[in-house]
Amino acid sequence: MSATVKKAGFGATLWEYLTTVDHKKIGILYLVAGMFFFILGGLEAMLIRIQLIKPDNDFISAQFYNEVLTMHGTTMIFLAAMPLIFALMNAVVPLQIGARDVAFPFVNSLGFWLFFFGGVMLNVSWFVTGAPDAGWTAYAPLSIFSEGHGVDFYAIGLQISGFGTLMGGINFIVTIVNMRAPGMTYMRMPLFTWTAFIASVLILFAFPALTVGLFLLTFDRLFGANFFDPSMGGNVIIWEHLFWIFGHPEVYILILPAFGVFSEVVPTFAKKRLFGYSSMVFATVLIAFLGFMVWAHHMFTVGLGPIANSIFAVATMAIAVPTGIKIFNWLFTLWGGSIRLTSPMVFALGFIPTFTIGGMTGVMLGSAAADFQYHDSYFVVAHFHYVIVGGVVLGLFAGIIYWWPKMFGTMLNEKLNHWFFWLFFIGFHLTFFVQHFLGLMGMPRRYWIFLEDQGLDFFNLISTIGAFFMAAGTILFLYNVVVTQAKGVKVSGDPWDARTLEWAIPSPPPFYNFKQEPLVRGLDPLWIEKTEGDGKIKPAEPLGDIHMPNNSFVPFMMSLGLFIAGFGVMFQGSYWILAVIGFAITAGSMLYRSFKDDLGYHVHKEDLEDEKGDGSNG
Amino acid sequence: MADDMLKSTNLPQNPERATLEGRNKFMGFWFFLGGETVLFASLFGTYLALKNSTVDGPAANEIFGLELVFLMTIILLTSSLTSVYAMYHMKNNDPKKMQLWLGITVALGLAFLGLEIYEFYHYVHGYHFGYTTSAFSSAFYTLVGFHGAHVAFGLGWIISLMVRNAKRGINLYNAPKFYIASLYWHFIDVVWVFIFTVVYLMGKVG
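Conventions used here
- Residues numbered from 1 in each chain as written.
- Chains lettered and ligands numbered in written order.
- Predicted model: local features only at pLDDT ≥ 70, side-chain atom pairs only at ≥ 80, totals over all residues.
- UniProt positions renumbered as here; feature names shortened; annotations may be inferred.
- pLDDT = per-residue confidence, 0-100.
- Helix = DSSP H or I, 4+ residues; strand = E, 2+ residues; numbered from the N terminus.
- Contact = placed C-beta atoms within 7 Å.
- Axes fitted to C-alpha atoms, helices over the stretch in contact; angles between N-to-C directions.
- Parallel < 35°, antiparallel > 145°, perpendicular 65-115°, else oblique.
- Left-handed = near helix turned anticlockwise from the far one by under 90°.
- Nonpolar A, V, L, I, M, F, W, Y, C, P; charged D, E, K, R; others polar.
- Core = buried A, V, L, I, M, F, W, Y, C linked by C-beta atoms within 7 Å.
- Buried ≥ 20, exposed ≤ 12 C-beta atoms within 10 Å, placed from the backbone.

- The name that an unreviewed UniProt entry assigns to chain B is Cytochrome c oxidase subunit 3, with the source organism given as Piscibacillus halophilus.
- According to its UniProt record, chain B has this under Sequence similarities (unreviewed entry): "Belongs to the cytochrome c oxidase subunit 3 family."

- Per an unreviewed UniProt entry, chain A goes by Cytochrome c oxidase subunit 1 and derives from Piscibacillus halophilus.
- Per UniProt, chain A carries the Subcellular location (unreviewed entry) text "Cell membrane".
- A UniProt comment under Pathway (unreviewed entry) is attached to chain A, and it reads "Energy metabolism; oxidative phosphorylation."

If you want it as structure tokens, here you go:
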């Protein structure tokens with residue numbers, strides 16, 4: 001690093017992170033915030049499991065249970081899984097395509113702060129009138145008649161956070177289309193970049209449906225609209241449609257980047273090119289396409305009729321085909337490879353059978369006739385935890401561990417990582433495998449208590465014990481993070497002997513990423529240079545000035561304004577003043593952004609030449 | 001470099017797409033409009049599901065008057081044309097004429113918005129057709145109101161661009177900004193065409 005980077009004080013570091021537009025730092029912000037909410041959601045999960053450890057338990061009250069259950073789902077999906085995916089996308093995608101930054105650095109920062117304030121807003125509800133209690137799906141009319149302001153916090157908090165996600169999605173689409181280095185054609189893009197691209201497209205076309213649904217919910221609750229009130233001609237099923245038109249693509253938004261992580265990890269540690277690269281790309285696109293036409297499989301029991309149910313059942317089962325293609329491609333990549341059992345690889349190997357079980361129960365649930373039996377039982381709970389924890393969470397942890405050296409320049413302790421994996425993996429199966437049987441025995445989901453001597457006692461106990469294993473594993477991971485960062489042992493740019501472009505530059509990369517734009521000669525560009533060249537990426541341009549964007553505090557202010565305005569809209573009366581102040585802050589920030597030219601700055605060639613031995617492009 | 005961005009001479013053929021920043025904005029905004037399309041599609045779907053849920057309130061064919069809405073349609077379509085003229089002059093590096101046509105666009109937009117406010121006022125006071133009257137009224141005001149809010153936002157956007165750049169020419173920095181504002185203006189025009197058809201025409205005869 002250059003002499004210009006000094007050891008900064010706490011205040012300067014804080015200000016840097018509040019104003020940063022650097023995708024690597026925004027990635028770290030997403031990681032920290034996402035992990036915070038992941039722990040919060042995990043604590044909520046522990047409360048649920050402790051409540052269900054024995055029959056007729058009164059560990060927490062029924063109302064509090066509803067709130068904890070709702071917030072567990074909402075937090076894990078919107079405030080933990082989504083930002084952790086954005087953390088990896090921010091940290092990795094620009095590096096994988098040889099870009100110096102994302103297409104819209106300012107918007108990238110705005111996306112983070114909107115997500116963050118939305119998440120804070122949701123959790124403020126704990127301290128003001130109580131948290132949302134209508135389930136993470138907030139089905140009407142329950143969500144309309146829910147008392148207090150809990151569901152208002154849900155609607156407005158997710159609205160703010162959803163704006164941020166939408167902006168992040170557009171940013172990554174344009175980044176990947178416009179900012180690829182010379183030679184980085186679409187069919188040479190690493191699979192993680194491909195899945196980030198497709199997930200961003202899904203975000204773009206799925207989130208507006210949620211935006212509308214949340215607006216309608218807000219208008220019904222706060223302004224007397226009648227969308228979901230049957231006595232005034234409203235229709236509660238509209239909410240279910242809008243929610244799932246968003247909600248089903250959402251699960252592919254979550255899982256596709258996890259598939260992408262495994263498609264990076266498996267070739268690296270099997271020391272083989274990814275088997276069936278083009279079929280992987282095709283399967284990703286096909287899953288995304290089909291993902292938009294299966295939403296009604298969440299609504300089989302609503303009564304849409306046999307024709308609608310059949311069409312959605314067939315479309316649902318069709319998704320098993322491209323997903324199966326992916327599973328076999330990973331297996332064939334492993335086949336005959338020289339496998340290194342590093343911790344990301346162990347996560348990948350644990351993922352394959354776990355996710356396959358989740359996919360299998362998915363096909364069972366996709367069978368419309370059988371779904372009447374499984375619907376709203378613990379079988380569904382088991383299914384979606386197998387795909388979301390067994391798929392998304394294992395993928396996220398594999399990705400976080402795999403790219404940790406690239407993000408922080410240090411290496412997490414491998415031994416602790418393995419311990420973490422086994423505690424978490426065994427705990428996961430203990431918790432959720434038995435829930436399949438609880439569901440088939442008739443235990444409904446979301447219930448506060450169950451009665452004794454109905455054959456449910458033992459499996460619920462097992463399930464709770466499993467949850468403690470998962471908690472222990474997560475604590476071990478956090479311990480690992482603290483110890484690793486405290487020691488701060490620096491590693492090289494390519495500690496895993498990997499294949500893609502991000503490993504060709506130092507860890508952590510300089511703020512401009514690539515001193516010279518890299519020239520990409522094929523799929524797995526670094527591996528090509530290792531096997532056919534001198535192991536160094538060739539530059540595609542002579543050394544020149546680098547244009548960089550300016551930091552800005554405006555995104556923080558814009559998001560803060562909406563956060564404040566949300567309370568005014570919610571509490572109304574004399575609180576309307578908050579809405580006026582909040583919207584004025586946001587609008588004023590937008591005008592400031594519009595009126596002040598922001599041309600960025602240049603890193604001069606001479607300064608770059610002074611930096612020796614940072615390893616970028618040799 | 002920074003000076004080049006703000007220089008108003010020797011502009012290329014398409015100044016809005018001449019820089020990487022410009023191309024990014026251009027493409028990003030098209031994708032944003034894709035998302036907006038889903039947003040309005042969801043609102044249209046909701047409206048279609050509830051358009052006959054009038055309960056005790058008035059129905060569509062009792063309140064809509066096509067004369068006013070036809071006038072609004074003509075005004076908004078014309079404003080789309082005038083924004084094209086503004087972009088034509090932008091590409092010819094003629095900032096005065098661009099500002100003039102943008103001004104006409106804004107005037108037409110304000111006229112449209114004024115008529116829409118009058119229309120809503122008329123429904124509320126003439127027909128007791130308020131936001132909370134029925135599911136139909138909620139869906140109507142939400143769909144048409146979302147469009148109206150987009151028009152209002154677009155007006156604020158174009159006006160602030162005009163004010164900010166009143167004393168300087170067209171350059172590679174502000175050309176993409178003008179261009180995407182005009183794209184946005186076309187988009188809300190297209191949405192109105194659908195509202196005119198689905199809400200008003202189908203409301204009268206459907």
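That shown, we press on.
1. Quick word on the confidence of the model for chain B
Part 1 of the argument: For chain B, the mean per-residue pLDDT works out to 95, and 99% of the residues sit at or above 70.
Part 2 of the argument: Scored by ipTM, the complex comes to 0.96, with pTM at 0.96.

2. A few points about the environment of Met167 of chain A
Residue and element names in this part refer to chain A.
Part 1 of the argument: The topology assignment puts Met167 in helix H6 (residues 150–178).
Part 2 of the argument: Placed 60 residues apart in sequence, Met167 and Val107 show a C-alpha to C-alpha distance of 6.6 Å.
Part 3 of the argument: Other than its neighbours up to four places away in sequence, Met167 contacts Val107, Leu110 and Gly111.

3. A word on the interface of chain B and chain A
Part 1 of the argument: Taken together, the contact between chain B and chain A spans 32 residues of the former and 34 residues of the latter.
Part 2 of the argument: Mapped onto the side of chain B that touches chain A, the elements with two or more residues apiece are helix H1 (2–5), helix H2 (20–50) and helix H6 (135–164) of chain B.
Part 3 of the argument: Residue contributions to the side of chain B that touches chain A peak at 15 residues, all from H2 of chain B.

4. Considerations on the packing of helix H14 (residues 378–408) of chain A against helix H15 (residues 414–440) of chain A
Residue and element names in this part refer to chain A.
Part 1 of the argument: One can describe the packing of H14 onto H15 by two numbers: an axis separation of 7 Å at closest approach and a directional angle of 165°. With respect to their mutual orientation, H14 and H15 come out roughly antiparallel. Relative to H15, H14 is oriented so that their crossing is left-handed. Of the residues in H15, those in contact with Tyr378, Phe379, Val380, Val381, Ala382, His385, Tyr386, Val389, Gly390 and Ile401 of H14 are Asn417, Phe428, Phe432, Gln435, His436, Leu438, Gly439 and Leu440.
Part 2 of the argument: Residues of the contact of H14 with H15, tallied by class, amount to 12 nonpolar, 6 polar and no charged.

5. Examining the packing of H6 of chain B against helix H7 (residues 175–205) of chain B
Residues and elements named next belong to chain B.
Part 1 of the argument: At a minimum axis separation of 10 Å, H6 and H7 run at an interaxial angle of 160°. The angle between H6 and H7 falls in the class roughly antiparallel. Of the two elements, H6 crosses H7, and the hand of that crossing is left-handed. Where H6 approaches H7, its residues Phe140, Leu143, Val144, His147, His150, Val151, Gly154, Trp157, Ile158 and Leu161 are matched on the opposing element by Lys177, Phe178, Ala181, Tyr184, Trp185, Ile188, Val191, Trp192, Ile195 and Val199.
Part 2 of the argument: In the contact of H6 with H7, the residues fall into 16 nonpolar, 3 polar and 1 charged.

6. Looking at the nonpolar core
Residue and element names in this part refer to chain A.
Part 1 of the argument: The biggest cluster of nonpolar side chains holds 237 residues, and the ones touching the most others in it are Leu202, Phe262 and Ala398.
Part 2 of the argument: Apart from residues lying up to four places away in sequence, Phe262 is in contact with Trp330, Ala348, Phe351, Gly395 and Ala398.
Part 3 of the argument: In terms of nonpolar packing, the next biggest core, distinct from the first, is built from 5 residues, Tyr65, Val68, Met71 and Ala131 among them.

7. Describing the UniProt feature "transmembrane region" (unreviewed entry) in chain B
Residue and element names in this part refer to chain B.
Part 1 of the argument: The residues that UniProt annotates with the feature "transmembrane region" (unreviewed entry) are residues 27–48, 68–88, 100–118, 138–163 and 183–203.
Part 2 of the argument: Secondary structure content for residues 27–48 is 100% helix and 0% strand, and the end C-alpha separation is 31 Å.
Part 3 of the argument: Here residues 183–203 is 100% helix and 0% strand, with 29 Å between the C-alpha atoms at its ends.

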